[in-house]
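# Structure at a glance
Take a look at the letters that make up each chain.
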Amino acid sequence: MISVIVPVYNVERYLRRCVDSILAQTCRDLEIILVDDGSTDGCPSICDGYAAADSRVKVIHKANGGLSDARNAGLEIASGEWVGFVDSDDFIMPEMYETLLRACVEHGVSIAMCGRRLVDEADTTLRYEYCFSEPVMLSAEEALRSLLMTEEACDSAAWDKLYRRDLFEGVRYPVGVHYEDQAVTPRLLCRAGEMMHVGRPLYVYLKRADSITALAFNPHSMDEIRQAEAAVAYVKEHCPELEKEASYFIYYKMGFPLCKAVQCGDRALKPYMTEVLNDSRRCMAQVMGGALTVKHKLWYLKNYAVLKLRLWRWGMDD
């Protein structure tokens, strides 16, 4: 059986499409765990309605604790041999879990992954990511290298994969932070040893204007580098041959909060911008070693200098 965990928080507009796509799976041996994470809209009653209509649906109602806390709550009661995650504003193609499960069983692996379709909510444009023309077997090192180098084979997303549940023994998502899967997925890949990529785009990701990745600079912006550093520490310990790629990952991930901080003009966020500046300086040597070109290094240095100058001016004004 596959346990499909769906964290739910104030997504009344999207929830039915998501759950209906899971109920419509060609793989029928499913346990669907809807984790209502303290929703204040109509989601709790929608979840209860699905549970009343289909015995495969279980519902957890809990106080709001964030995406990681909701996933962890689902993992605690999951009884399937396999586990998958679906974000409640996304949906999946009917054959997704049958395809992933078959890949795991036929090739004797503990993780299978599919490609994704990205739909922009603003203009309904569609593009494809992480797709291959045919299935591909990836070693843990190959998958981790792709994740670290942001290449088109594998990334840290939790929801486009199927996992053997025992991979999560002693592993949970960090609570209270964003970008939580960056620190967890490398551990799962190392434990699995190999991963089968089925190639086809079977997960549909809705790109929303208010998604975490689209948000402007905010107190959680530094979570990205914190989780990246946790991932890199694990990779360096277990796959030291990927040290160069790990340095690139730090450069790449540090660039996001740094760039967002440069674009931010809100003085109320000055303490968090100062934290970005300090972390940018602390990571400088690793960033310079990880940047692939001189252009990359100059881009980083320029943004660091702009942020430093702004904070200095604000300090003078204070």
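Report on the accompanying structure. (Residues numbered from 1 in each chain as written. Predicted model: local features only at pLDDT ≥ 70, side-chain atom pairs only at ≥ 80, totals over all residues. Heavy atoms only, no water.)

Attention now moves to the packing of helix α5 (residues 140–149) against helix α6 (residues 181–192). Where α5 contacts α6, the two axes come as close as 9 Å, and the packing angle between them is 160 degrees. The orientation of α5 with respect to α6, classified from their angle, is roughly antiparallel. Judged by the twist between their axes, the crossing of α5 over α6 is right-handed. In this structure, α5 uses A140, A143, L144 and L147 to contact α6, whose residues at the interface are T185, P186, L189 and C190. (Axes fitted to C-alpha atoms, helices over the stretch in contact; angles between N-to-C directions. Helix = DSSP H or I, 4+ residues; strand = E, 2+ residues; numbered from the N terminus. Parallel < 35°, antiparallel > 145°, perpendicular 65-115°, else oblique. Left-handed = near helix turned anticlockwise from the far one by under 90°. Contact = heavy atoms within 4.5 Å.)

Quick look at the environment of M254 now. With respect to the helices and strands, M254 occurs in helix α8 (residues 243–263). In the structure, M254 is positioned 25 residues away from E229 in sequence and 9.6 Å away in space, judged by C-alpha atoms. In contact with M254, other than residues within four places in its own chain, are M222, I225, V276, D279, S280, C283 and Y300.

Before going further, it helps to spend a moment on α8. Compared with the 30 Å implied by 1.5 Å per residue over 21 residues, the 31 Å span of α8 between its first and last C-alpha is a close match. Its axis deflected by about 25 degrees at G255, α8 carries its strongest bend there, up to four residues before the proline P257. With 15 of 21 residues buried, α8 lies mostly within the body of the structure. (Expected span 1.5 Å × (residues − 1). Bend = angle between axes of the 7 residues up to and from the residue. Buried < 20%, exposed > 50% of the residue type's maximum accessible area, 1.4 Å probe, protein only.)

What follows covers a nonpolar patch on the surface. A cluster of nonpolar side chains, V294, L298 and L301, forms an exposed patch at the surface whose accessible area comes to about 280 Å². Checked against the element boundaries, L301 lands in helix α11 (residues 294–317). Using a relative accessible area of 36% as the deciding quantity, one classes L301 as partly exposed. (Patch = residues over 30% accessible without salt bridge, like charges linked within 9 Å, V, L, I, M, F, W, Y side chains within 5 Å. Areas by Shrake-Rupley, 256 points an atom, 1.4 Å probe, with all protein chains shown as cover. Salt bridge = Lys/Arg side-chain N within 4 Å of Asp/Glu carboxyl O.)

The final tally for this structure, using the stated rule, is 25 salt bridges. The partner of R226 in a salt bridge is D279, with the nearest N and O atoms 2.2 Å apart. With R226 in helix α7 (residues 223–238) and D279 in helix α9 (residues 270–282), the pair connects residues that are 53 residues apart, well separated along the chain. Residue D279 is classed as buried on the basis of its relative accessible area, which comes to 8%. The salt bridge involving R282 is made with E229; its shortest N-O contact spans 2.8 Å. Taken together, the positions of R282 in helix α9 and E229 in helix α7 put the pair 53 residues apart, joining distant regions of the chain. Among the residues examined, R282 registers a relative accessible area of 48% and is labelled partly exposed.

Attention now moves to α7. Three- or four-residue spacings in an α-helix give side chains the same orientation, since the helix completes a turn every 3.6 residues. The terminal C-alpha atoms of α7 lie 23 Å apart, and with 16 residues this matches the ideal 22 Å at 1.5 Å per residue to within 8%. Among the residues of α7, D223, E224, I225, Q227, A228, A231, V232, Y234 and V235 are the ones counted as buried.

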